[in-house]
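# A structural walkthrough
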Amino acid sequence: MQHPHAHLFSQDPLLYQMILQAKPVTEATAYRPIYEALLSSVISQQLSVKAAATIKARFLALFPDNYPDPAFLLSTPPEMLRAAGLSRQKITYLQHLAQQKQDGKLEDAQLAPLPDEELIQRLVQIKGIGRWTAEMILMFALHRPDVMPLDDLGIYNAMKRLYALEETDKAAKARMEDISEAWRPHRTLACRYLWQSLDNAPVSSSES
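A brief report on the enclosed structure follows. (Residues numbered from 1 in each chain as written. Predicted model: local features only at pLDDT ≥ 70, side-chain atom pairs only at ≥ 80, totals over all residues. Heavy atoms only, no water.)

### Some remarks on the nonpolar core
Rules: Here the nonpolar core consists of buried residues drawn from Ala, Val, Leu, Ile, Met, Phe, Trp, Tyr and Cys, with membership extended through side-chain atoms lying within 4.5 Å. Think of it in three bands: with a 1.4 Å probe and only protein chains considered, a residue is buried below 20% of the maximum accessible area for its type, exposed above 50%, and partly exposed in between. Helix and strand labels come from DSSP, where a helix needs a run of H or I of at least four residues and a strand needs a run of E of at least two; each type is numbered from the N terminus. Here, residues are in contact when the closest pair of their heavy atoms is within 4.5 Å.
Core analysis: the largest hydrophobic core is formed by 61 residues, its most contacted members being Leu123, Met159 and Trp183. Per element, the largest residue contribution to this core is 7 residues, and it comes from helix H2 (residues 34-44). Every residue in contact with methionine 159, bar those within four places of it in the chain, is listed here: Met148, Ala164, Leu165, Met176, Ile179, Trp183 and Leu194.

Written out as structure tokens, the structure is:
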């Protein structure tokens with residue numbers, strides 16, 4: 001059976017061969033509201049997948065219908081949020097997100113149509129949201145097809161193995177970006193295959 005995605009990367013022989021031998025990844029189509037995706041991202045920062053899921057479940061259980069209504073979240077005593085497993089810093093970030101939502105600054109109708117880089121620059125102005133987190137929102141909540149998260153440690157490790165990268169830091173990012181030009185306009189999909197090659201979920205970055 002012909003691979004559904006390998007032909008998209010024929011300009012990069014190394015990636016093409018890797019994908020040709022890989023299990024096809026499933027392309028998601030369900031969009032997540034930006035506000036809810038940002039809340040999940042903040043909760044998950046610097047935690048394992050299992051720990052993040054546990055704390056997120058406790059957090060959501062505090063609210064009617066498991067929806068952190070901004071006004072409800074802002075009125076929730078910090079000690080209740082602490083009891084759910086959230087650090088004081090994350091509580092501050094979550095409250096800031098709720099205030100932004102309540103002020104009408106996190107409406108999907110206004111944010112979702114923005115070009116990738118403009119949307120990233122809007123999101124990184126929010127407390128607790130770095131560029132990597134913003135890129136994950138674009139990739140996994142909004143399903144933008146051409147995002148290249150240069151700060152992601154998993155992508156770096158996968159590319160280091162595939163392309164024998166010797167560079168580090170800024171030089172590595174420059175080389176990664178140069179290599180990824182051949183993947184346009186499907187860099188998000190390419191990254192999903194790179195993560196899969198390490199059997200590694202996109203939960204780590206150099207932000208922290």
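### Thoughts on the side chain of histidine 5
Under the convention used in this document: N or O atoms closer than or at 3.5 Å make up a polar contact, with two conditions inside protein: a donor-capable atom paired with an acceptor-capable one, and, for residues adjacent in sequence, both atoms drawn from side chains.
Among the structural elements, histidine 5 can be located in the segment before helix H1 (13-20). A polar contact of 2.9 Å, which involves the side chain of histidine 5, links it to the side chain of glutamate 27. One polar contact links histidine 5 to tyrosine 193, side chain to side chain, over a distance of 2.6 Å. Ignoring anything within four residues of it in the chain, the contact list for histidine 5 reads Ile19, Val25, Glu27, Leu189 and Tyr193.

### Notes on the pattern of salt bridges
Rules: For this analysis, a salt bridge means a side-chain nitrogen from Lys or Arg found within 4 Å of a carboxyl oxygen belonging to Asp or Glu.
If you walk through the whole model with that rule in mind, you get 9 salt bridges. For arginine 144, the salt bridge goes to aspartate 116, with nearest N and O atoms at 2.5 Å. Of this pair, arginine 144 sits in the loop between helix H9 (131-140) and helix H10 (153-163) while aspartate 116 sits in helix H8 (residues 116-123), placing them 28 residues apart in sequence. Relative accessible area serves as the criterion here: at 12%, arginine 144 is assigned to the buried category.

### Topic: the environment of serine 180
On the secondary structure map, serine 180 appears in helix H11 (residues 169-180). You can call serine 180 buried: its relative accessible area is 0%. Serine 180 sits 145 residues away from tyrosine 35 along the chain, and the two C-alpha atoms are 29 Å apart. The contact partners of serine 180, leaving out residues within four places of it in the chain, are Met148 and Arg187. Within polar-contact distance, the side chain of serine 180 engages the backbone oxygen of glutamate 177 at 2.8 Å.

### Overview of the environment of asparagine 66
Inspection of the secondary structure puts asparagine 66 in the loop between helix H3 (49-60) and helix H4 (70-75). Exposure remark for asparagine 66: the relative accessible area of 46% places this residue in the partly exposed category. Residues in contact with asparagine 66, not counting those within four places in the same chain, are Leu60 and Ala61.

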